[in-house]
Amino acid sequence: MTAWRLLDSGPGPGAWNLALDEAIFHSVRVGENLPTLRLYRWSSRTLSIGYSQDRDRDVDREACRALGIEVVRRVTGGRAVLHDAEVTYSVSAPAGLPGFGAGLDEAYRAVAAGLVAGLSLLGLRAAAPAPGPRQPSRPARQAACFASTVRHEIAVGGRKLIGSAQRREGGAFLQHGSILLESHEALLGRVLRRCPASKRPLRMTGLADLLPVRPDPETVAAAIASGCAAAWGVRLLGGDVSPEEARAARGLVESRYRSEEWNAGRRPLADRGAEAGPG
Amino acid sequence: MLFPADLKYTKEHAWVRVEGAEAVVGITDHAQKQLGDIVFVEVPKLGAALSQLKPFGVVESVKSVSDLHAPLSGAVTRVNDALEAAPEIVNKDPYGAGWIIAVGFKDPEEFKALMSAGEYEAYLGEPGS
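All figures in this text were calculated on a predicted structure; none of them were measured in a lab.

*Asks:* It is not clear to me how the overall build of chain B should be interpreted in this structure. Could you clarify?
*Replies:* From N to C terminus, chain B includes four helices and nine strands. Computed over its C-alpha atoms, the radius of gyration of chain B comes to 13 Å, within 12% of the 14 Å expected for a compact globule of 129 residues. With the C-alpha coordinates of chain B rotated into their principal frame, the extents come out at 35 × 35 × 20 Å. Put simply, chain B has 129 residues, and 49% of those count as buried. Taking as baseline every contact in chain B between residues at least 6 positions apart, the subset at least 24 positions apart corresponds to 63%.

Shown next as structure tokens:
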């Protein structure tokens, strides 16, 4: 049975959370650490935007400032996500592990199976992944991730509960996503410009709306870990962030996630390869 | 799925078409199907030096950002500017209008690392490709 590392890293600030995901992804990609499932939360509300999303077009930064919401760009694809009352998962693994397949679609499907198994341990049996590729067409034109449900994302009764995004690099993938404890459509409508939430419901939901009692985040994290271990047929070993990962994450907070250049999207193209060498 | 016989292929699902001293590069039909709707293609500037099999850019689809790997070493001679406004061309016509960059290749020896259409099709049939 394959061994994975389980990290339950609790609440952290926005830039730190994304920096740590990237640092873990790197260490797993180069084989320094086991494939890793990390579960975490947010110590302050954060709006994360997709790798190529147009921040200045899509985000009302004045509203974010007034509401104390940090805006941070991810290395993963997809649209804006407001991280508030949620449990976040991240999976860093080499491509091609048994059960995960080599491609994007298989990885999404495997992760979705773990999430659905975890939700069912919480007593939520109606959660289902959205069907495979190419559904629906071009939802990324929306500013908000939770405005549409695409392949293998988790919805209940047509309302999206878990939104996910992926990065693939050097034979490995990072997938992270938000498991909502509470829906926050009204707030999302205030911080995004091109967001239908300001006009009509987005069709998102949270565990508090779906279960008789709002589960605490620790319970959700434990259930997701158990569900993933069962669905993937792996052994999760409780572990820690390595000193190298922590150091790399601290560096990335400064060089990337708190950098106006990165967050504005004005990164030099050489950032990704050619002139800068392997990225 | 289409695998034009006049192209060469990589395990990272790039294709190469030789046009004189230039190699035109794109991603395969298989790759665009895997990625789904492509929303963004990021490429290096003209003149940037690529190294074979090293990442040179990214392609973002609805749900993933993936590296593009150079099939050959050389300097970028052309980039497909049309993809900036309409990245979905890669989905619609991956071997034609959806080309991504052209490279002035230097070392014909590097072609030995590339696959023929038949070899690529066989590679896709292997588990873990």
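*Asks:* Mind showing me how you'd approach unusual backbone geometry here?
*Replies:* Excluding glycine, most residues fall at negative phi; most peptide bonds, likewise, are trans. Residue and element names in this part refer to chain B. Positive phi, close to 70 degrees, is recorded for His13, a residue that is not glycine. Tracing the chain through its elements places His13 in the loop between strand 1 (8–9) and strand 2 (14–19). Phi is positive for Leu53, which is not a glycine, with a value near 70 degrees. Within the secondary structure, Leu53 is located in the loop between strand 5 (49–50) and strand 6 (55–61). Judged by the 17 C-beta atoms lying within 10 Å of it, Leu53 falls in the partly exposed class.

*Asks:* Could you clarify how one ought to interpret the sheet that holds strand 3 (residues 46–49) of chain A in this entry?
*Replies:* Sheet strands pair by backbone hydrogen bonding; their relative direction is either parallel or antiparallel. Residues and elements named next belong to chain A. Pairing in this open sheet of three strands is mixed, and the strands run 4-3-5 from one edge to the other. Edge positions in the sheet fall to strand 4 (70–73) and strand 5 (81–83), since each of these pairs with one other strand and no more. Mean inter-strand twist for the sheet, computed between neighbouring axes without regard to direction, equals 25 degrees. Note that strand 3 and strand 4 share four bridges and pair parallel. Bridging across to strand 4, Ile49 finds its partner in Arg73. Against the sheet, helix 1 (residues 14–29) makes contact with strand 3, strand 4 and strand 5, and its axis sits at roughly 20 degrees relative to strand 4, the strand it touches most.

*Asks:* What am I meant to see in the environment of Gly10 of chain A here?
*Replies:* Residue and element names in this part refer to chain A. Along the chain, Gly10 falls in strand 1 (residues 3–12). As a C-alpha pair, Gly10 and Arg41 span 31 residues in sequence and 5.5 Å in three-dimensional space. Filtering out sequence-adjacent residues up to four positions away, Gly10 remains in contact with Tyr40 and Arg41.

*Asks:* What is the right way to look at the pairing of strand 6 (residues 86–94) of chain A in this model?
*Replies:* Two faces belong to every sheet, and in a regular strand the side chains alternate between them. Residue and element names in this part refer to chain A. Counting buried positions along strand 6 gives eight out of nine residues, so the element sits mostly inside the fold. Of the pairings in the sheet, the one linking strand 2 (residues 36–42) to strand 6 comprises five bridges and is antiparallel in character. Paired with Tyr40 across the strands is Thr88, a residue of strand 6. Judged from the nine bridges that link them, strand 6 and strand 10 (residues 172–180) form a sheet pairing that is antiparallel. Residue pairing in the sheet places Thr88 in a bridge with Ser178 of strand 10.

*Asks:* Teacher, can you tell me more about the nonpolar core here?
*Replies:* Here is a general trend for soluble globular proteins: nonpolar side chains tend to be buried in one another's company. Ala19, Ala80, Ala144 and Ile224 of chain A together with Val25, Ile100 and Val103 of chain B are the most contacted members of the largest nonpolar core, which has 112 residues in total. In contact with Ile100 of chain B, other than residues within four places in its own chain, are Val25, Gly26, Ile27, Val41, Val43, Leu68, Asn80 and Leu83 of chain B.

Procedures and definitions
- Residues numbered from 1 in each chain as written.
- Chains lettered and ligands numbered in written order.
- Predicted model: local features only at pLDDT ≥ 70, side-chain atom pairs only at ≥ 80, totals over all residues.
- Helix = DSSP H or I, 4+ residues; strand = E, 2+ residues; numbered from the N terminus.
- Rg over C-alpha atoms; globule rule 2.2 N^0.38 Å.
- Buried ≥ 20, exposed ≤ 12 C-beta atoms within 10 Å, placed from the backbone.
- Contact = placed C-beta atoms within 7 Å.
- Pairing = 2+ DSSP bridges.
- Axes fitted to C-alpha atoms, helices over the stretch in contact; angles between N-to-C directions.
- Core = buried A, V, L, I, M, F, W, Y, C linked by C-beta atoms within 7 Å.

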